[in-house]
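Each chain is listed here by its residues.
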Amino acid sequence: MRAHVESTLSAASRGWPDLPVSAEPAAVANTPIDFSEAPLSAAPVITIGLMHVGAVAALFFPSTVGVVSFLVLYVISAFGIVVGYHRLLSHRSFKPKKWVEYVLATCGALALQGGPGTWVAVHRLHHAHSDSDGDPHNAQRGFSFFDYRWVLNVLPETFYQRRYSVLARDIDRDPYL
């Protein structure tokens, strides 16, 4: 299994620019980061909480414009996460024109799951430590943790110190992303 993760994360196969072999995620991940004690961050908790209050309030004030707006934004943000953040930025599965990359990244940002650099670094770290203590959204901690709780946590300082510049170096170099 570990060999599969390391081959999956190889810089050459994933197209991560300028990542020497010694800086690959599996090699860099010497010590897992402990995400279990991460406190909640006020900004996403308040923002997502207000969105849920608004969603409940919308039930009492139905409108065609509201329903269409919800559906359009849902599809755009989901597409931005799945195609933009995940397939394009995290895995470099395809190579679009730069303006398409920026549009997809902007659509991903609409999902409020963090900026592209942080999202990509967390996702690449997830692949390096899938379902272990070093996984930022470890499924073994329960449904709420891997599904949404990881978005609400303050990431440990060690995440930024040890991982961000290595795992999302290609994203960090682009001033738009």
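See the structure above.
Residues numbered from 1 in each chain as written. Predicted model: local features only at pLDDT ≥ 70, side-chain atom pairs only at ≥ 80, totals over all residues. Heavy atoms only, no water.

1. Quick notes on the side chain of His-123
With respect to the helices and strands, His-123 occurs in helix α7 (residues 116-128). Within the structure, His-123 has its side chain in polar contact with the side chain of His-86 (distance 3.0 Å). With residues up to four places along the chain from it excluded, the contact list for His-123 reads His-86, Ser-90 and His-91. (Helix = DSSP H or I, 4+ residues; strand = E, 2+ residues; numbered from the N terminus. Polar contact = N/O pair within 3.5 Å; in protein donor to acceptor, adjacent residues only side chain to side chain. Contact = heavy atoms within 4.5 Å.)

2. Examining the layout of surface pockets
Estimates place the volume of the largest pocket at around 1100 Å³. For the largest pocket, the lining is made up of 32 residues, of which Met-51, Phe-70, Tyr-74, Ser-77 and Ala-111 are closest to its centre. Contributing elements (two or more residues each) for the lining of the largest pocket: α4 (42-58), α5 (64-90), α7 and α8 (143-152). With eight residues, α5 is the largest single contributor of residues to the lining of the largest pocket. Looking at side-chain class alone, the lining of the largest pocket contains 23 nonpolar, eight polar and one charged residues. (1 Å grid on protein atoms, 1.4 Å probe; cavity = no way out; pocket = protein on both sides within 12 Å on 5 of 7 lines; lining within 4 Å. Points joined across faces, edges and corners; volume = space filled by probe spheres on them. Nonpolar A, V, L, I, M, F, W, Y, C, P; charged D, E, K, R; others polar.)

3. As for the pattern of salt bridges
Inspection of every chain in the model, using the stated rule, returns five salt bridges. One salt bridge connects Arg-124 with Asp-170, and the closest N-O pair in it is separated by 3.0 Å. With Arg-124 in helix α7 and Asp-170 in helix α10 (residues 169-172), this residue pair connects regions lying 46 residues apart in the sequence. (Salt bridge = Lys/Arg side-chain N within 4 Å of Asp/Glu carboxyl O.)

These results come straight from atomic positions and should not be treated as a statement about function.
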